[in-house]
Amino acid sequence: MKDSLRVHFCESHDSPIGKVWFSFADDGELLAIGLPGSKGWRAKGVRPQVAPSRTAVGRWLSSFMCGESVDFPGPWRMPGHSPFLSKVYRFVSRIPVGHTKSYSEVAKACGSSRACRAVGTAMAQNPMPLLVPCHRVLAKGGMGGFAGGLEQKADLLACEAR
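Note that the coordinates shown come from a computational prediction; the quantities given were computed from them, not determined experimentally. Every chain's residues receive numbers from 1 upward, in the order its sequence appears when written. Given that this is a predicted model, residues contribute local features only at a pLDDT of at least 70 and side-chain atom pairs are listed and counted only at 80 or more, while totals for whole chains, interfaces and linings are drawn from all residues. Remark: hydrogens and water are excluded; side-chain values derive from all non-hydrogen atoms of the structure.

(A) Looking closely at the side chain of Glu29. On the secondary structure map, Glu29 appears in the loop between β2 (20-25) and β3 (30-34). Excluding residues within four positions of it along the chain, Glu29 makes contact with Arg6, Ser23, Phe24, Pro75, Trp76 and Arg77. We count a stretch as a helix when DSSP gives it H or I for four or more residues in a row; a strand needs E for two or more, and each element gets its number in order from the N terminus. By definition, residues are in contact when any of their heavy atoms lie within 4.5 Å.

(B) Main features of the packing of aromatic side chains. Aromatic rings from Phe, Tyr and Trp, taking only the six-membered ring of Trp, are treated as a pair when their centres fall within 6.5 Å; an angle between ring planes under 30 degrees marks them as stacked, one over 60 as edge-to-face, and anything in between as tilted. Tallied over the full model, the rule gives six aromatic pairs. By way of ring pairs, the aromatic residues Phe22, Trp60, Phe64 and Phe72 are connected into one cluster.

(C) Up close: the state of the cysteines. When the sulfur atoms of two cysteines come within 2.5 Å, that pair is taken as a disulfide. Considering all chains together, one arrives at zero disulfides under this definition. Free cysteine: Cys110, not disulfide-bonded; nearest cysteine sulfur from Cys116 at 11 Å. Looking at the unpaired Cys159, the closest cysteine sulfur is the one in Cys66, lying at 7.9 Å. Burial status follows relative accessibility: with a 1.4 Å probe on protein chains alone, a residue under 20% of its type maximum counts as buried, one over 50% as exposed, and anything between as partly exposed. Given a relative accessible area of 2%, Cys159 falls into the buried group.

(D) How the structure looks around the nonpolar core. Counting 36 residues, the largest nonpolar core has Phe22, Met123 and Leu130 as its most contacted members. Looking at this core, the elements with two or more residues in it are β2, β3, α1 (54-65), α2 (83-93), α3 (103-109), α4 (116-124) and α5 (150-161). The element contributing the most residues to this core is α1, with five residues. Not counting chain neighbours up to four residues away, the residues in contact with Leu130 comprise Val20, Ile33, Leu35, Trp60, Leu61, Phe64, Met65, His135 and Leu156. Remark: nonpolar core denotes a set of buried residues (Ala, Val, Leu, Ile, Met, Phe, Trp, Tyr, Cys) joined through side-chain atoms within 4.5 Å.

(E) Inspection of the side chain of Ser12 at higher detail. Among the structural elements, Ser12 can be located in strand β1 (residues 7-13). Exposure remark for Ser12: the relative accessible area of 15% places this residue in the buried category. Apart from the residues lying within four places of it in its own chain, the contact partners of Ser12 are Lys19, Val20, Trp21 and Arg54.

(F) Geometry of the pairing of β3. With respect to burial, β3 is a largely interior element, five of its five residues being buried. At least two DSSP bridges between two strands are required for those strands to pair. Bridge analysis of β2 against β3 gives four bridges, and the strand direction is antiparallel. From the neighbouring strand, Phe22 faces β3, where its bridge partner is Ile33. A loop of four residues connects β2 with β3, the two strands running antiparallel in sequence, and Gly28 in this loop sits at a positive phi of about 85 degrees.

(G) Just α2, in detail. Within α2, burial applies to Ser86, Val88, Tyr89 and Val92. The arc that holds the buried residues of α2, viewed along the axis, is 165 degrees, so those residues lie on one side. Its buried side turned inward, α2 meets α3, α4 and β5 (137-138). Taking the helix axis as origin, the arc is that swept by the directions to the C-beta atoms.

Dropping the structure here:
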């Protein structure tokens, strides 16, 4: 998890796919989201007063799992430490609910049509799944990969299809 020195507070919420973790900095900014099966997540810290309420985060997660396109209720920063990664994450964050793109479509849209593997690596390292919905990026011939496993990817896509 990036920015682990800034992590002030972590909490989990139940969802149709299992426990989803949210990690916040002491300034209330969301730093990362951990999907079920992610390693190293545990509840800790005291909620910063400026962080969105547990109720607001839970409501957002429920809406997301129902296939609704809603803004996260607090501040978060688009990941990406290079111009290419920033483009990839920004593009993927704009893939609408119920739609998918291929790794090659994302690479081409980000100016590097031959960077399909780099897009796959970016998706595997995405600290903000759901906000940067990497589950919506598929291989041309099927699902492709997913850090949480293909069953979890299929479950997320199925939630959105409802």
